[in-house]
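Fold and geometry: a report
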Amino acid sequence: MSEAATPVLRSQRVQRRARAALGICAAIAVLAFYPFILPRALNFGVSLVLFAALATAWDLIGGWAGQLSLGHAAFVGLGAYTFTLLQRAQVPMWLALLAAVAACVLLAAVWGFITFRLRGAYFALASIAVAEVLRIVSNNWSSLTGGPEGVSLQDLPPLFGLDLYDRRVEFYLGLALLFVALMSALYVAGSRAGFYLEAIREDQDSAMALGVNPLRVKLVAFCASAALTSLGGCLYGIYLSFFEPQGVYALDLSIQLVLMSIVGGMGTITGPALGALVLLAFQEGFRNLLQQRSLLIYGIVIVLVVRYAPDGLSGRVLRLYRRLWPWPSRSPSAS
Amino acid sequence: MDLIGFVQTVASGVLTGGVYAMVGIGLSLIFGVMRIVNFAHGEFMAVGMYIAFALFRSFHLDPYLSLVVVAPAGFLLGAFVERVLLAPIQNAAEHSLILMTVGVGLILSNSLLLIFGAHPETIYTSYSTRTVAIGPVTLSVPLLVSFALTVIVVAGLFLVLTRTDLGRAIRAAAQNRDAAELQGVDTRFVQTAVFGIGIVLSMAAGVLLLPALYVFPTVGGIFTLKAFVVTVLGGMGSIVGAIWGGLLLGIVESVGAGLGATGYRDAFGLIAFLLVLLVRPQGLFGSSHV
Amino acid sequence: MRLRLFAIAALLLCASRPASPADPIRLGVITSRSGSFATFGAMEVAGYNVAAAEINEKGGVLGRPIELLIEDDASNQNAGLAAAEKLAGQNVPVILGAFASSITKPLAGYLSRLKVPLVNTNSADTSITKPGSPYVFRVGQTTDAYADASFDLIKSFPDLKTVAVLVSNDALGHSTEASVREKCKKLGYEIVGAQAYDRGLTDFRPTLNGFKSAHPDVVALSSYEEDAATLLRQAKEVSLSPKMFIAVGATGYALPQFITGAGDAAEYVFSASPWRPEAKFPGAQDLYKRLVKELNAEPSHHAAKSYGGLLAVAEAIKKAGSTDREAIRKALREVKLMTAFGPVSFEDKNGFKNQNPAPSLLIQVQKGKFVVVWPKEVASGKPAYPTPPWEKRRESN
Amino acid sequence: MAVALSVRQLRRDFGGVRAVDGVDFDVGQGEIVGLIGPNGAGKTTLFNLVSGYLRPTRGTISLFGEDVTGLSPFRLARRGVSRTFQVVRPFPRLTVLENVMVGAFLRERALRSAEGEAMRVLALLGMERRAHEPASALTQAARKRLEIAKALSLRPRLLLLDEVVSGLNESEVAATIEIIRRVREGGVTIVIVEHILKVIMGLSDRVVVLDHGKKIAEGLPVTVAQDPQVVAAYLGSDDA
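To start, this report covers the structure provided alongside it. (Residues numbered from 1 in each chain as written. Chains lettered and ligands numbered in written order. Predicted model: local features only at pLDDT ≥ 70, side-chain atom pairs only at ≥ 80, totals over all residues. Heavy atoms only, no water.)

1. Some details on the overall build of chain A
A tally of helices and strands in chain A yields 17 helices and two strands. Within chain A, the fraction of its 335 residues that count as buried is 61%. Expressed as a percentage of contacts within chain A between residues at least 6 apart in sequence, the contacts between residues at least 24 apart total 78%. Taken as a whole, chain A presents about 12,300 Å² of accessible surface, with 68% of it coming from carbon and sulfur. (Helix = DSSP H or I, 4+ residues; strand = E, 2+ residues; numbered from the N terminus. Buried < 20%, exposed > 50% of the residue type's maximum accessible area, 1.4 Å probe, protein only. Contact = heavy atoms within 4.5 Å. Areas by Shrake-Rupley, 256 points an atom, 1.4 Å probe, with all protein chains shown as cover.)

Structure follows, in structure tokens:
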């Protein structure tokens, strides 16, 4: 093809993606010093990187593909339970991790297959039901799961000589997961897969006319999201070292992930991670002040964002930026 | 379980199922006309319960009588939410609409939490624990009354839908919004009205359950989920389907619990829900729309 | 922008760094001031505040006043852990908390690793002190203690033979059921029915009907407050008439809301209860009054337990003679107090570690009021037995 | 001339309504065939059947000699069937370029080459200057053109155009007709549904007329226009 000869205006997406790649590397590099800068806020640090990774994973299906999952806690819980129960049964750690991922991918495949064929809100409806069924089963199947008292994971063999209960070790594991999640988002943003996901989100019929197989594309994205989320679930299990069905399968947990993505911007590379940072810092900073009002404020934030800033806060910022530097005359120095 | 116990169990399942049906009808009506799944449906119901509770506590107003206050309040609240929050984004992507209702639900339940506290509240009326015996089967008076009122409300709804201009407009809009608009139906108004009516049904169901149950600010979540189950069992958008779906859910839960799997009671409905999605997504009871 | 946000977050966190240790002894408290356990968190805070005021009125500990650093866990495990790290960073010698077992357990693991003593006052899960950790102490009674008291009463009526169990499907319910099963096995009672129900909403009628055909002598219960009243109302509806209703899991049935919610259906119901103001412990009535004043509302036993917990911590600091964590941990095991809540000490017994072996009270609703009926030394009345069948009660109405 | 599209005894019922009723027709390779008929004649239903959005109740559809009845839209797209929608459906939050790239990805897997392909299609339609605007910012006319660009990005063998000129002004109509002609010169077979009879008569090699789901006439535009049945069908409706 003669494409090399024609000077092509690079799509903004490519530029945005390059910028995001730089931003991710810089952010990960900065975060790598976190345990040295804030050695007394490691719990916050672990939950920050962990939730940033989970929100980014959620966004693969929720933001990019527009399939609103209100049940991602199902993967957090199933991952955490599979890993923990296998660890307690002395299964090697890598195998337990693999099993956790496999279980979640299988769940995603079945659940996606049932609901993605249907138009409309069925996926969102079913997402709540799936997490709820898992919660009820874990709650009642005491001989396997420990029932409502939950399971504890107090002894884990060291990983490459590192104590897994050391918050610093957990932090770097979480950071690694965040890196992987962000890289997945980066890949999606600049690949055929990402275009297909967005096309499905924007208009599924139109996407099909262009050769996109919606069921397949959504399933792949959902499975990828589930796999990342299950790894996050394993780490969450280690971090808590004790958990119960009520906690890991909670609707609140799922909603938190959604909220982080909304606040940061659904379907953006770094938005969900940014949303996690904003939300968690807000929560931690005002923990003693907000008290009962935090969920109310979440609700108000959701309503306001959906109403006035449907692209999320980062989308809002982006648009402001575009208004200041309109389309054709984008100055390269603006970034 | 012996035979009498079984009959007793089915009977109380039917009575509870009637109220589930009313919650489901509201959800289904809203979906049928507006294509919006109201994720705040149960939370509206909780609001209804608290209004009745507050009236009872402050003025000793009988909870059933408080329907007179709750119904118009529900209509206004629903119409307000529709006009101010849903109408402006009605052409937005589906996930935005869902999120909006999720947000509304969070606001409602947490406002209740701030106003009334997390503490569960019960009202105790003279008939709270009264029963009537039909042969060897005893039935709860509050549940019987609730069921009877449900029947009346639903019958009223059917009359409105079939005998009034508004009802005809609603049915036309449910079948095809564009076509209805061409025939001169003010679909904007119809949508507001439908959301209002749907919320009235949900809040009325809350009031009817109050004498038999208790209320706490997050009770709505449970009922939102039940309403989903009811409507999916019956077919999204189908009112008749929602009635059968409600009764079926009531009986399934009741019999399941009576057979000794109390802990899994909520799972029965949800598993049925997922199975229906897999096998018969249009619902078990055909597609007799609005 | 990313960097700037990061810096803001860092500032937010740095702002809460501890100042240099001042005159008062600062103790850490983690409880639920918001979220689903907020009601109970408020009770705990009231108990701690009343105890702190009482200690400070008497001149404090080691000549220094006590100051409480109260952190909200927002009824959430993550926030609880963050709160623990913050308090540990402020060099508190001891942390008291949390309310919910689900939050206490991750805290227990975390603080044991940091070697910070954790004194829990209200969490119910057996596993907190069994097997337990050298750094974790519990003031509140276990379900074993509730079952001990309940079966002491049951044993005293030799006509009782069969038991049906209905518990909430959560940690407390399950451990109650386990305790009841163990007792029944040991003492030779037959279990004719056992069910767990999901919290939330509920139609108990099918389950109660199932029980009815098994004709149990005793119906043993454990439910949270919202379900307690509903359950008894529905028992009345379906005419489930055992000789005794007894709430072994001390929860909803021991709260005043049970009486207002269930009305006359609450009559005759026994319940284990960690504490009542009517119990004849020294200063119980006085504690009750102070709690009412602090809360501006009816206090629950949770407040009393927290009160006892803080007194025990103060006593341990006194015994240790310092605010060193290890010294306090060792001293906590020496504490033997009689308080307005009841006795407080921490012992290793029956597989438990650092568990307060205080016995549970049994109370009964009589004419719309709670009466302490067991143990006899502190009782304020006698048990009313047997429970008349519902039909008889209706006639008398 | 090889047959590109062949429709046999095609029928589609909606409940009791028979929207398409036993339609037969062929389209030769490189031909432009116009599909006309009064409102509700079943033209869009026929399009939806041929492009896989509806399953036929009965009958067969074959494409270049292969039976493709009942294949899903995306499989047909991969076999070279491309369509526009009467109510245009851009991906509103993607840019114009990105909209077209979605289709270009079918033949070009790499980002760069898909981008190059999309730019070429946009250049063909004279839209390259608006490449970086979000599709939601376009005028109705530009959206119609984007709809064609998206369809072309697949490099289709058979192009189904559903009312791509209605609602445009005269110069826009002329430009669009010019584009369609050029596309045909590239060897693409085209079926076009259009309300404006003048356009379709001028553009089409042959015309198929539908009424009440049935084919009532087929042939050269001139012949069909004089067919008494066609005249009656159009006179009987409001939108001749």
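2. With respect to the pairing of strand S2 (residues 17-28) of chain D
The two faces of a sheet get side chains in turn, since along a regular strand they alternate between them. Residue and element names in this part refer to chain D. In this structure, strand S1 (residues 3-14) lies alongside S2, joined through nine bridges in antiparallel fashion. What sits directly across from Asp 13, in S2, is Arg 18. Between S1 and S2, which pair antiparallel and follow one another directly, the connecting turn spans two residues, one of which, Gly 15, has a positive phi of 60°. (Pairing = 2+ DSSP bridges.)

3. Re the interface of chain C and chain A
Listed by partner, the interface residues are 41 residues for chain C and 43 residues for chain A. For the pairing of chain C and chain A, the buried interface totals around 3,700 Å² over both sides, and the portion due to carbon and sulfur atoms is 57%. Here chain C and chain A share eleven residue pairs in polar contact (both at pLDDT 80 or more) between them. Secondary structure elements with two or more residues in the side of chain C that touches chain A: helix H1 (2-14), strand S2 (66-72), helix H3 (77-89), helix H4 (101-114) and helix H6 (171-187) of chain C. (Buried area = accessible area lost by both parts, 1.4 Å probe. Polar contact = N/O pair within 3.5 Å; in protein donor to acceptor, adjacent residues only side chain to side chain.)

4. What to know about the side chain of Glu117(D)
Locating Glu117(D) in the fold gives a position in helix H4 (residues 111-124). The residues contacting Glu117(D), other than those within four sequence positions of it, are Ala104(D), Glu108(D), Ser153(D) and Arg155(D).

5. Let's talk about the packing of aromatic side chains
Going through the model one piece at a time under the given rule, you end up with 31 aromatic pairs over all chains. Considering the side-chain rings of Tyr50(B) and Phe116(B), the 4.3 Å spacing of their centres and the 25° angle between planes classify their relative orientation as stacked. Pair noted here: Tyr50(B) is in helix H2 (residues 41-59) and Phe116(B) is in helix H4 (residues 94-116), with a separation of 66 residues, a long-range link. Judged by its relative accessible area of 19%, Phe116(B) falls in the buried class. The side chain of Arg89(D) reaches across the aromatic face of Phe85(D), ending 5.1 Å from its centre. Positioned above the aromatic ring of Phe91(D) is the side chain of Lys150(D), whose terminal nitrogen or guanidinium carbon lies 4.1 Å from the ring centre. (Phe/Tyr/Trp six-rings, centres within 6.5 Å; stacked < 30°, edge-to-face > 60°. Lys NZ or Arg CZ within 6 Å of the ring centre and 35° of its normal.)

6. Structural notes on the nonpolar core
Counting residues in each nonpolar core, the largest one holds 275 residues, and the members touching the most others are Leu178(A), Phe39(B) and Phe273(B). For this core, the element with the highest residue contribution is helix H3 (residues 42-64) of chain A, accounting for 16 residues. Each residue touching Phe273(B), except ones within four places of it in the same chain, is listed here: Leu125(A), Ala126(A), Ala129(A), Phe228(B), Val229(B), Val232(B) and Leu233(B). Formed by 78 residues, the second largest nonpolar core is a distinct cluster that contains Tyr48(C), Leu208(C), Ala235(C) and Ala265(C). (Core = buried A, V, L, I, M, F, W, Y, C linked by side-chain atoms within 4.5 Å.)

7. So, the pattern of salt bridges
Under the counting rule described, the total for this entry stands at 44 salt bridges over all chains. Its salt-bridge partner being Arg79(D), residue Glu66(D) comes within 3.1 Å of it at the nearest N-O pair. With a gap of 13 residues between them, Glu66(D) in strand S5 (residues 66-67) and Arg79(D) in the loop between helix H2 (73-78) and strand S6 (81-83) connect regions that are remote in the sequence. In this structure Arg79(D) comes out as partly exposed when scored by relative accessible area, which is 32%. If you follow the salt bridges from partner to partner, you end up with Glu198(A), Arg201(A), Glu202(A) and Arg93(D) in one network. (Salt bridge = Lys/Arg side-chain N within 4 Å of Asp/Glu carboxyl O.)

8. Observations regarding the environment of Ala118(D)
Residue and element names in this part refer to chain D. With respect to the secondary-structure elements, Ala 118 resides in helix H4. Take Ala 118: its relative accessible area is 0%, and that puts it in the buried class. Along the primary structure Ala 118 and Glu 128 are separated by ten residues, whereas in three dimensions their C-alpha atoms are 9.3 Å apart. Every residue in contact with Ala 118, bar those within four places of it in the chain, is listed here: Leu 97, Val 100, Met 101 and Ala 104.

9. Quick notes on the sheet that holds S2(D)
Residue and element names in this part refer to chain D. Strand order across the open sheet formed by four strands is S2-S1-S4-S5, with antiparallel pairing between neighbours. Both outer strands of the open sheet, S2 and S5, are each paired with one neighbouring strand and no more. Pairing geometry for S1 and strand S4 (residues 58-63), over five bridges, is antiparallel. Paired with Ser 6 across the strands is Ser 62, a residue of S4.

10. What to know about the interface of chain B and chain A
In this assembly, 36 residues from chain B lie in contact with 38 residues from chain A. Buried surface at the junction of chain B and chain A, summed over both partners, amounts to about 3,300 Å²; 83% is from carbon and sulfur atoms. At the surface where chain B touches chain A, the tally comes to zero salt bridges. For the interface between chain B and chain A, the tally reads one residue pair in polar contact (both at pLDDT 80 or more). Elements with a contribution of two residues or more to the side of chain B that touches chain A: helix H3 (67-86), H4, helix H9 (219-234) and helix H11 (265-279) of chain B. Among the elements that line the side of chain B that touches chain A, the one with the most residues is H4(B), at 15 residues. For the side of chain B that touches chain A, the class distribution of residues is 28 nonpolar, six polar and two charged. (Nonpolar A, V, L, I, M, F, W, Y, C, P; charged D, E, K, R; others polar.)

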